[in-house]
Amino acid sequence: MTLSLDGRVALITGAGRGIGKAVAQTLATAGARVALLSRTEANAQAVAHAIEAAGGHALAFGGDVADPSTVDTVIEQTLKHWECLDIVVNNAGVTRDTLLLRMKDDDWDAVLQTNLKGAFVCSRAALKPMMRQRWGRIVNISSVVGLTGNAGQANYAASKAALIAFTKSVALEMGSRGITCNAVAPGLIETDMTQAMPQQARDYALQRIPVGRFGTPEDIAYGVLFLCSEYAAYITGQVFVIDGGLTVGI
Amino acid sequence: MNQEIFERVQKVIVEQLGVDENAVVPEASFTDDFNADSLDLVELVMAFEQEFDVSISEEEAERVRTVADAVRMLTEKVQAGE
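Residues numbered from 1 in each chain as written. Chains lettered and ligands numbered in written order. Predicted model: local features only at pLDDT ≥ 70, side-chain atom pairs only at ≥ 80, totals over all residues. Heavy atoms only, no water.

Observations concerning a positive patch on the surface
All names here are of chain A.
At step 1: A contiguous patch of positive charge, built from Lys117, Arg124, Lys128 and Arg132, is present on the exposed surface.
At step 2: One can find Lys128 in helix 4 (residues 105-133).
At step 3: Residue classification places Lys128 among the partly exposed residues on the basis of a relative accessible area of 43%. (Patch = residues over 30% accessible without salt bridge, like charges linked within 9 Å, V, L, I, M, F, W, Y side chains within 5 Å. Areas by Shrake-Rupley, 256 points an atom, 1.4 Å probe, with all protein chains shown as cover. Salt bridge = Lys/Arg side-chain N within 4 Å of Asp/Glu carboxyl O. Lys, Arg positive; Asp, Glu negative; His and termini not counted. Charge placed at Lys NZ, Arg CZ, Asp CG, Glu CD. Helix = DSSP H or I, 4+ residues; strand = E, 2+ residues; numbered from the N terminus. Buried < 20%, exposed > 50% of the residue type's maximum accessible area, 1.4 Å probe, protein only.)

Written out as structure tokens, the structure reads:
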């Protein structure tokens, strides 16, 4: 056994930048053919070009992860090209941070729609080919705030906690079919999302990370790669916290 | 019982549940005789939908307990589609 994903086909949502981009590149480097879905198609295309240039295989799609017809088309096209779908990484996520008293209905709905419904729609669609194959890996990108909560992120934290319960339920339903479902809970990772944090909040957070730095998108991607590999066949329904120790001791 | 539809149903059941063709008789129950669990039944319904190019609702699926039930429902659906 190796960490190789040779012959595997993976769908990664939110693959245009940040953690999703790193996951796409890492899985492609490990030998998987990757289908990339991003709200902004140009971002997915840029990542796909980079993967192809490095000798990998990638397809780029633009669209909304929570729209069933978009997702059906993406999966249909992926199956047409590569005849199987083995791995789904539900990574697409948005924030609409504000204190609850100031949170608008739309702030709540938009975050739950992408972060939670997107994972539901993509997982449901991917399970059909996975069940036929009797092999599958679903990895949902949650967050440490789904475990701890976070002031100013009631919507985001709720969506990420819900993803964990979703993960466990899918794991229970699909275990007998060789399909595992796990969540990865990143801590503070250097992405556009955390760049948008106020400097004061970044400095404070940094003091609380035992490893002494923000994570890189690759730190998360390596964990995802492991969960997608043959080595992780007996791991399902779990939350893999990758946070440099941020949540240890709290 | 429509013989052609019965044979197609039989083929799907043999493929999906890995049971012997001779065991797939009209009165056989999916859960009692073939030990199908809830996920097996969902897969079976999906396979029927694919084989017959029809759509089967949750309520319709719940009423299918035996091979004969499946043949009857699919015969109705196929004929309604014609």
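The structure having been displayed, the exposition proceeds.
With respect to the pairing of strand 5 (residues 136-141) of chain A
Residues and elements named next belong to chain A.
At step 1: The buried fraction of strand 5 is high, at six of six residues.
At step 2: Neither face of strand 5 is exposed, since Gly136, Ile138 and Asn140 on one face and Arg137, Val139 and Ile141 on the opposite face are all buried.
At step 3: Viewed along the sheet, the connection from strand 4 (residues 87-90) through helix 4 into strand 5 turns out right-handed.
At step 4: Of the strand pairs in this sheet, strand 5 and strand 6 (residues 179-186) are connected by six bridges, and their pairing is parallel. Residue Asn140 lies in a different strand from strand 6, and its bridge partner there is Ala183. (Right-handed = clockwise from strand over helix to strand, strands pointing away. Pairing = 2+ DSSP bridges.)

Overview of empty space enclosed by the protein
Residues and elements named next belong to chain A.
At step 1: Tallying each qualifying case throughout the model produces one cavity of 30 Å³ or more.
At step 2: Its boundaries defined by the atoms lining it, the largest cavity holds a volume of some 50 Å³.
At step 3: With five residues, helix 4 is the single largest residue contributor to the lining of the largest cavity.
At step 4: Taken together, the residues of the lining of the largest cavity sort by class into six nonpolar, six polar and no charged. (1 Å grid on protein atoms, 1.4 Å probe; cavity = no way out; pocket = protein on both sides within 12 Å on 5 of 7 lines; lining within 4 Å. Points joined across faces, edges and corners; volume = space filled by probe spheres on them. Nonpolar A, V, L, I, M, F, W, Y, C, P; charged D, E, K, R; others polar.)

Describing the packing of aromatic side chains
At step 1: Applying the stated rule across the entire model yields one aromatic pair over all chains.
At step 2: When the ring centre of Phe214 of chain A is taken as reference, the NZ or CZ atom of Arg202 of chain A above it lies at 4.6 Å. (Phe/Tyr/Trp six-rings, centres within 6.5 Å; stacked < 30°, edge-to-face > 60°. Lys NZ or Arg CZ within 6 Å of the ring centre and 35° of its normal.)

Focus: the interface of chain B and chain A
A common way to express how large an interface is: the accessible area buried when the components associate.
At step 1: Counting residues at the interface gives six residues for chain B and eight residues for chain A.
At step 2: Taken together, the two surfaces of chain B and chain A that pack against each other cover about 550 Å², and 54% of this comes from carbon and sulfur.
At step 3: Together, Leu39, Glu43 and Met46 of chain B form the three largest contributors to the area buried by chain B at its contact with chain A, with a combined 78%.
At step 4: The interface formed by chain B and chain A includes four salt bridges.
At step 5: Of the charged contacts in the structure, one is a salt bridge between Arg177 of chain A and Asp40 of chain B, with a shortest N-O distance of 2.5 Å.
At step 6: On the surface where chain B and chain A come into contact, there are three residue pairs in polar contact (both at pLDDT 80 or more).
At step 7: For the side of chain B that touches chain A, the class distribution of residues is two nonpolar, one polar and three charged. (Contact = heavy atoms within 4.5 Å. Buried area = accessible area lost by both parts, 1.4 Å probe. Polar contact = N/O pair within 3.5 Å; in protein donor to acceptor, adjacent residues only side chain to side chain.)

Some details on the sheet that holds strand 5 of chain A
Each strand in a sheet pairs with another by means of backbone hydrogen bonds, the pair being arranged parallel or else antiparallel.
Residue and element names in this part refer to chain A.
At step 1: With respect to topology, seven strands assemble into an open sheet ordered 3-2-1-4-5-6-7, the strand pairing being parallel. At either end of the open sheet lies a strand with only one pairing partner, and these are strand 3 (58-62) and strand 7 (239-242). In this sheet, neighbouring strand axes are inclined to one another by 15° on average, regardless of whether the strands run parallel or antiparallel.
At step 2: Here helix 6 (residues 154-174) sits on the sheet in contact with strand 5, strand 6 and strand 7, set at roughly 160° to strand 6. (Axes fitted to C-alpha atoms, helices over the stretch in contact; angles between N-to-C directions.)

Points about the side chain of Asp107 of chain A
At step 1: Mapped onto the secondary structure, Asp107 of chain A falls in helix 4.
At step 2: Residues contacting Asp107 of chain A, with those up to four places away along its chain left out, are Arg96, Thr98, Arg102 and Asn155 of chain A.

Describing the pattern of salt bridges
At step 1: Using the criterion set out here, one finds 16 salt bridges over all chains in the structure.
At step 2: As a salt-bridge pair, Arg8 of chain B and Glu51 of chain B come within 2.9 Å of each other at their nearest N and O atoms. Linking Arg8 of chain B in helix 1 (residues 3-17) with Glu51 of chain B in helix 2 (residues 38-52), this pair joins segments that are 43 residues apart in sequence.
At step 3: For the salt bridge of Glu51 of chain B with Lys11 of chain B, the shortest nitrogen-to-oxygen distance reads 3.5 Å. Separated by 40 residues along the polypeptide, Glu51 of chain B in helix 2 and Lys11 of chain B in helix 1 bring together distant segments of the chain.
At step 4: With relative accessibility at 24%, the residue Glu51 of chain B sits in the partly exposed group.
At step 5: What emerges from the salt-bridge pattern is a single network uniting Arg134 and Arg177 of chain A together with Asp37, Asp40 and Glu43 of chain B.

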